[in-house]
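Remarks on the overall topology
Next come the chains, spelled out residue by residue.
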Amino acid sequence: MGAVNGTEPLRVEIGGIDVEVPEGASLLAAVRAAGAELPALCSDDRLSPAGSCRTCLVRADGRIVAACVTPAAPGVRVETDTDDLRQLRRDTVELITSALPSRALTEDNPSELAQVCRSLGLGPETAQGTGGRGEDVSHPYVHLDRDLCIACGRCVRMCAEVQGTFALTLTGRGADTVVAPGTGGPWAESDCVACGGCVDTCPTGAISEPGPGRGLTSAHRPAATRTTCGYCGVGCSLDVVTSDGEVRAVLPARDGPVNQGHACVKGRFAHGYLTSPERLTRPLLRRDGRLEPVGWDEALGRVARGMRAAVAAGGADAVAAISSARATNEENYLVQKFLRVVIGTNNVDNCSRLCHSPSAAGLTASFGLSGGTDSFDDVERADCLLVVGANPVEAHPVVGARLMRRVLRGAKLVVADPRAVGLALHADVHLRPRPGTNVALFHGLAHVLLAEGLADEGFLRERVTGLPELTELLEDYPPDRVAAITEVPAADLIAAARLYGRALRPAIVYGLGVTEHLHGTDGVRSLANLAILRGAVGTDRGYGVNPLRGQNNVQGASDMGALPDLLPGYGKVTDPAARARVEAAWGVRVPERPGLRIPDMFAAARAGALRALWVIGEDVCATDPDANQVARALEACPLVVCNEVFLSETARRADVVLPVASWLEKDGTFVNFDRRFQRVRPAVSPPGEARSDFDVVRALADVMGVDLGCPTPADALAECARVTPVFAGLSHDRLDREGDVPWPCPDPDHPGEAKLYKERFATPDGRAHLTAAPYLPPGEQPDDDYPLVLVTGRRWAHYNSGSMTRRGGNLALDPIDFLDLHPDDALRYGVRDGAQLTVESRHGEARLVARVSEQTAPGQVFCSFHFPASGVNRLTSDHADTVTSCPEYKVTAVRVGAP
Ligand SMILES: Nc1nc2c(c(=O)[nH]1)N[C@H]1C(S)=C(S)[C@@H](COP(=O)(O)OP(=O)(O)OC[C@H]3O[C@@H](n4cnc5c(=O)[nH]c(N)nc54)[C@H](O)[C@@H]3O)O[C@H]1N2
Ligand SMILES: Nc1nc2c(c(=O)[nH]1)N[C@H]1C(S)=C(S)[C@@H](COP(=O)(O)OP(=O)(O)OC[C@H]3O[C@@H](n4cnc5c(=O)[nH]c(N)nc54)[C@H](O)[C@@H]3O)O[C@H]1N2
Ligand SMILES: [Mo]
């Protein structure tokens, strides 16, 4: 082993073999480095050592010690394999095991303890306990068999140190000590967020996943398929264990570069949807108003005729597609190629429009490229985290846990979020701006940075433009004025600016609370100002500005050019050189006029100009804003085609529904929030006649008489690499060989650039661009009729439209959409906790159940949009970011009333 983080390796002798280990390594690590094995029942590489089980006893320079808690000293001589040591360890394990019931050691038991016993020659008769402590099977994914608990504390440490939730504790005394939820009651009512960490580390099976995955852990499992999670954009590497063509368990990969052996309730457990009886297994065609099952030929024939008819009636621009950020890069590449090559239009977009399109626009304007500026690994070394309008504890739990770990290890934390949730509860300073006032807040922080001399003048001089304009603008944003606009106390603003301003390596991580606003792009850019002022981007003095991108492949869908104005690799459709690159490969002319954005597609459909809309994996009727207007658009459009896994709200309204595979059933790649290309591999087959989106797009092109090329996903990425300088070095082969590779990656020998802009920014002048955009108010304001501000966003157990997470155990964890409101408002409007409510906005009405808590500020309410039946997006408006058309999901004026 070489030096780690610059520390000197040290040499030790293990059973006569010389090994080198990094400074600080334990004897256990040294023993393992020497290729020897030791039982270590209370130890897990992911956790701090406990030294409580005494099963890893070795002799170091003559003294018997527990290897896991003894640091390797230079030159120490360690004996591991003498008779007396073996006997000591055997006795210890025997003692632990003797108290357990016989089921602890059944013959095929895969648990770590059972394996250790087998290796020590301890047979099933060793387990002689009588049990009787009972089980807790209240939780859908985590069951506790108290009789198997050996009180090693791994689960408790996993929950605290890795997950940062602190839901578990050890209770009882002596031999009766057992793990329990800290809240005392049943597991299902505890603070557990079902990350699966305790299940994965438990050495005895006391904590286990019920069902076919019982007993499997990331360390002890049969062969598995390595893939990348298809829920959020974190990009967790997962190992999928199957049997008889079905998923048995999805386990976190210990060597996953982003998740490092961790996972969350969605990736780890929410795969029950795969075998839901509601899965679409055959194409559906609308006849006499009803959707009826038909064969693929008939369905694709109908789509082809409809698209041709649309082009005949309105030209190529009468056809449009919404591509899916849930689908792979290769699928997105084909979808945009289909529109541009088969139809001849740029009318293609993806849900980045609804999400982080302001990040793409803002980061490009400030720095030159459309992605986060740094690798998350670096963000994790920061000494001050500024987390803005993001709730990673619920929406990106594995990142949330890594940030939490940073904070537990001493990094300062500033959170800017109107709500008191997640990381905000651990913040050194929690800024609670009025929703929609970010730009003023960021200018306030920037004002303090300049006023207190906390800006990096050398960096500003050498690498930045726009300082004079910004300096002038910031005169209008002293803390008192900003406090009046944002309702953030001036003292808090100053405290936050000092923490960020004085940190050695500050990092900004942000989410939709910045982007989904009328001035979302200004928000991104004025947030980026802070990093620029500090010289904390493109340098080693900080970790830039990093959006927590949402969908598993929203970065990739955009990278692949499923956008109306951009080609694969971000060439502009208006740029002849960029067009020429793809035209040479595709053999057609690409139209130079940018196509329609999603909201414009709906407007065009309502106006009769859009005559065929292909919706691929986005439930626009549930998740796009002002849903009543979306439904009208679909009604007005003569052909609506929907590629879906389930009969979503959108599929219900389609003319043709095409059943498709989901992420555990297909081959390709995703790009995560860190700009890493990651492999996606099929673990099981899609049900019935369902096909991958990849096959569907190709098949439709065939029917329309065009060979799209790219017979396999690997070919599609290869073609994409040929036409895009930033992805030129990527291929399936390479990813299979090397694992993840970040873009930009200009050639096959280039490692990819995890950290951007080290020498120059990618803007035309090579400099970072400060913006001097003034604060402008949000599109909606509360008034006497609609006195409350509704913020919408996420809850931990469900995913967007909930199409997958509502079908499986997650439903038991969170059964409905709640409306959170402050006790003062509950009193004012006569709302009881748990009461059914009607929520009305100027655009529509929703039904929710009240939850009274101080998470939201007075005058503000919050709900998720995970249950389409509650109708949350009938409330949201058509106000959208002035630059990118990203909807203003975060600010809607509403009132509440009885149902
Ligand atoms: N469990 C779960 N995880 C998910 C998803 C899911 O549906 N469920 N969806 C995925 C997707 S697509 C995305 S894009 C990401 C989103 O991940 P996030 O961006 O973290 O998600 P949100 O909960 O929508 O919004 C984040 C926060 O913004 C705050 N906020 C609202 N308005 C303002 C404001 O004006 N200023 C500031 N500073 N903050 C504000 C909200 O209170 C909220 O806590 O999550 C992904 N992960
Ligand atoms: N009120 C409110 N609304 C919001 C938001 C908010 O904060 N507040 N956030 C917005 C954001 S950030 C986003 S990203 C959108 C997300 O909105 P959507 O993209 O609509 O949400 P999802 O539920 O992730 O996925 C859409 C559909 O894709 C299907 N699907 C899954 N995998 C595949 C696949 O591989 N192929 C195909 N063809 N289909 C598949 C699922 O069954 C599901 O019906 O919601 C937006 N809506
Ligand atoms: Mo999103």
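Residues numbered from 1 in each chain as written. Chains lettered and ligands numbered in written order. Predicted model: local features only at pLDDT ≥ 70, side-chain atom pairs only at ≥ 80, totals over all residues. Heavy atoms only, no water.

What follows covers the site of ligand 2. The immediate surroundings of ligand 2 are formed by 31 residues, with Thr623, Glu644, Lys666, Asp693 and Ser801 found nearest. Between ligand 2 and the protein, one listed contact pairs a nitrogen atom with a side-chain N or O atom of Thr792 at 2.8 Å. Here ligand 2, which alone exposes 910 Å², has 99% of that area covered by the protein. Class assignment for the residues of the shell around ligand 2 results in 12 nonpolar, 10 polar and 9 charged. Formed jointly, the shell around ligand 2 draws a minimum of three residues from each of two domains, domain 3 (299-355 + 553-671 + 692-733) and domain 5 (788-897). (Near = heavy atom within 4 Å. Polar contact = N/O pair within 3.5 Å; in protein donor to acceptor, adjacent residues only side chain to side chain. Areas by Shrake-Rupley, 256 points an atom, 1.4 Å probe, with all protein chains shown as cover. Nonpolar A, V, L, I, M, F, W, Y, C, P; charged D, E, K, R; others polar. Domains from an automatic or database assignment.)

All right, on to the UniProt feature "domain: 4Fe-4S Mo/W bis-MGD-type" (unreviewed entry) in the protein then. As recorded in UniProt, the sites labelled "domain: 4Fe-4S Mo/W bis-MGD-type" (unreviewed entry) are residues 222-278. The annotated region residues 222-278 carries 9% helix and 32% strand content, and the separation between its end C-alpha atoms amounts to 30 Å. (UniProt positions renumbered as here; feature names shortened; annotations may be inferred. Helix = DSSP H or I, 4+ residues; strand = E, 2+ residues; numbered from the N terminus.)

It is worth spelling out helix 3 (residues 112-120) at this point. Among the residues of helix 3, Glu112, Leu113, Ala114, Val116 and Cys117 are the ones counted as buried. Buried-residue contacts for helix 3 involve helix 2 (83-98) and helix 4 (154-162). Once helix 3 finishes, Gly121 follows within two positions and takes phi at roughly 75°, a positive value. (Buried < 20%, exposed > 50% of the residue type's maximum accessible area, 1.4 Å probe, protein only. Contact = heavy atoms within 4.5 Å.)

Here we come to the packing of helix 13 (residues 438-451) against helix 16 (residues 479-486). Axis separation between helix 13 and helix 16 bottoms out at 9 Å; the angle between their running directions is 165°. Considering the angle they form, helix 13 stands roughly antiparallel to helix 16. Like other packed secondary-structure pairs, helix 13 and helix 16 cross with a definite hand, here left-handed. Contacts between helix 13 and helix 16 involve Ala440, Leu441, Gly444, His447 and Val448 on the former and, on the latter, Pro479, Val482, Ile485 and Thr486. Looking at the contact of helix 13 with helix 16 residue by residue, the classes come out as 6 nonpolar, 3 polar and no charged. (Axes fitted to C-alpha atoms, helices over the stretch in contact; angles between N-to-C directions. Parallel < 35°, antiparallel > 145°, perpendicular 65-115°, else oblique. Left-handed = near helix turned anticlockwise from the far one by under 90°.)

Pairing in this open sheet of 5 strands is parallel, and the strands run 20-19-18-22-23 from one edge to the other. Strand pairing shows two members of the sheet lacking a second neighbour, strand 20 (429-431) and strand 23 (543-547), which therefore form its edges. Strand-to-strand twist across the sheet, computed as the mean angle between neighbouring axes with direction ignored, equals 15°. (Pairing = 2+ DSSP bridges.)

On to helix 2, then. Compared with an ideal rise of 1.5 Å per residue, which puts 16 residues at 22 Å, helix 2 spans 22 Å between its outermost C-alpha atoms and is within 8% of the ideal. Among all positions in helix 2, only Leu85, Arg89, Thr92, Val93 and Thr97 are buried. Buried residues of helix 2 fall within an arc of 130° about the axis and therefore sit on the same side. Of the residues in helix 2, the exposed ones pointing more than 90 degrees away from the buried face are Asp83 and Leu95. On the buried face of helix 2, the contacting elements are strand 3 (57-60), strand 4 (63-66), strand 5 (77-79) and helix 3. (Expected span 1.5 Å × (residues − 1). Arc of directions from axis to C-beta.)

Quick look at the site of ligand 1 now. Around ligand 1, 34 residues are found, and the nearest of them are Ala395, Asp417, Arg794, His798 and Asn800. Side-chain polar atom of Asp417 to an oxygen atom of ligand 1: 2.7 Å apart, as the coordinates give it. Contact with the protein chains covers 99% of the free accessible surface of ligand 1, which is 920 Å². Elements with a contribution of two residues or more to the shell around ligand 1: helix 11 (392-395), helix 18 (512-515) and strand 31 (788-793). Residues that form the shell around ligand 1 fall into these classes: 13 nonpolar, 14 polar and 7 charged. Counting the residues that make up the shell around ligand 1, at least three belong to each of domain 4 (368-547) and domain 5 (788-897).

Taken domain by domain, the protein holds domain 1 (10-81), domain 2 (131-269), domain 3 (299-355 + 553-671 + 692-733), domain 4 (368-547) and domain 5 (788-897). The straight-line distance from the C-alpha centre of domain 3 to that of domain 5 is 30 Å. Domain 3 puts 18 residues into the contact, and the matching count from domain 5 is 20 residues. Of the roughly 1,700 Å² buried between domain 3 and domain 5 on both sides combined, carbon and sulfur atoms contribute 55%. Taken together, the links from domain 3 to domain 5 amount to 0 salt bridges. Applying the counting rule to domain 3 against domain 5 returns 10 residue pairs in polar contact (both at pLDDT 80 or more). Of all elements in the fold, only helix 23 (620-623) and helix 24 (627-636) reach the threshold of two or more residues within the side of domain 3 that touches domain 5. (Buried area = accessible area lost by both parts, 1.4 Å probe. Salt bridge = Lys/Arg side-chain N within 4 Å of Asp/Glu carboxyl O.)

With that out of the way, let us pick up the nonpolar core. Residues Met307, Phe338, Phe367 and Trp614 are the most contacted members of the largest nonpolar core, which totals 158 residues. Setting aside anything within four residues of it in sequence, one finds Phe338 in contact with Met307, Ile343, Trp614, Val697, Leu700, Ala701, Met704 and Leu708. Within the second largest apolar cluster, 38 residues are counted, among which are Cys159, Cys202, Val265 and Phe269. (Core = buried A, V, L, I, M, F, W, Y, C linked by side-chain atoms within 4.5 Å.)

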